[in-house]
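Summary of the model geometry
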Amino acid sequence: MSQMPAEARGIDAFLTGYIVRPGLCLNYDVTERIRLGGTDEACAGRICPQRRLCLSRTLRRHLDDVPGNPPLRWVFEEALSEMGNGP
């Protein structure tokens, strides 16, 4: 993941780095484009029908890293807020 501040990257860029590029995306259309060689594919964003599950899975996977990583904590707070569980 780049050193760019999380605010500049946003949740979609975070998910692209942690879910889409490693080939873990749950969106069939995005996954198919990756399989066919779309290496620069990005998260489909809020229109994705798998968005909530994707956010939830990513939050659980990196939960231990959140306390010591301010940019990651920012992304998690934004994701929780988007999912309706934030402050």
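Residues numbered from 1 in each chain as written. Predicted model: local features only at pLDDT ≥ 70, side-chain atom pairs only at ≥ 80, totals over all residues. Heavy atoms only, no water.

1. A word on the nonpolar core
Among the nonpolar cores identified, the biggest contains 17 residues, and Ile11, Phe14, Leu15, Leu55 and Phe76 are the most heavily contacted of them. Within the residue set of this core, elements represented by two or more residues are helix H1 (6-20), helix H3 (51-61) and helix H4 (70-82). Ranked by residues supplied to this core, first place goes to H1 with five residues. In contact with isoleucine 11, other than residues within four places in its own chain, are Arg51, Leu55, Val75, Glu78, Ala79 and Glu82. (Core = buried A, V, L, I, M, F, W, Y, C linked by side-chain atoms within 4.5 Å. Buried < 20%, exposed > 50% of the residue type's maximum accessible area, 1.4 Å probe, protein only. Helix = DSSP H or I, 4+ residues; strand = E, 2+ residues; numbered from the N terminus. Contact = heavy atoms within 4.5 Å.)

2. Quick look at the pattern of salt bridges
The final tally for this structure, using the stated rule, is four salt bridges. Residue arginine 35 pairs with glutamate 32 through a salt bridge whose shortest N-O separation is 2.7 Å. With arginine 35 and glutamate 32 both in helix H2 (residues 28-35) and three residues apart, the pair spans about one turn of that helix. Judged by its relative accessible area of 22%, glutamate 32 is partly exposed. (Salt bridge = Lys/Arg side-chain N within 4 Å of Asp/Glu carboxyl O.)

3. What to know about empty space enclosed by the protein
Under the definition given, this model contains one cavity of 30 Å³ or more. Reported here for the largest cavity is a volume of approximately 70 Å³. Residue assignment for the lining of the largest cavity shows that the elements contributing at least two residues are H1 and H3. Tallied by class, residues from the lining of the largest cavity come to eight nonpolar, three polar and one charged. (1 Å grid on protein atoms, 1.4 Å probe; cavity = no way out; pocket = protein on both sides within 12 Å on 5 of 7 lines; lining within 4 Å. Points joined across faces, edges and corners; volume = space filled by probe spheres on them. Nonpolar A, V, L, I, M, F, W, Y, C, P; charged D, E, K, R; others polar.)

4. Looking at the confidence of the model for the protein
Mean pLDDT over the protein works out to 81, with 85% of the residues at or above the 70 mark. By mean pLDDT, the top-scoring element of the protein is H4 (87), and the lowest-scoring one is H1 (76). In this model, residues 1-8 is a region of pLDDT below 50 whose contacts with residues beyond four sequence positions or in other chains number ten contacts. (pLDDT = per-residue confidence, 0-100.)

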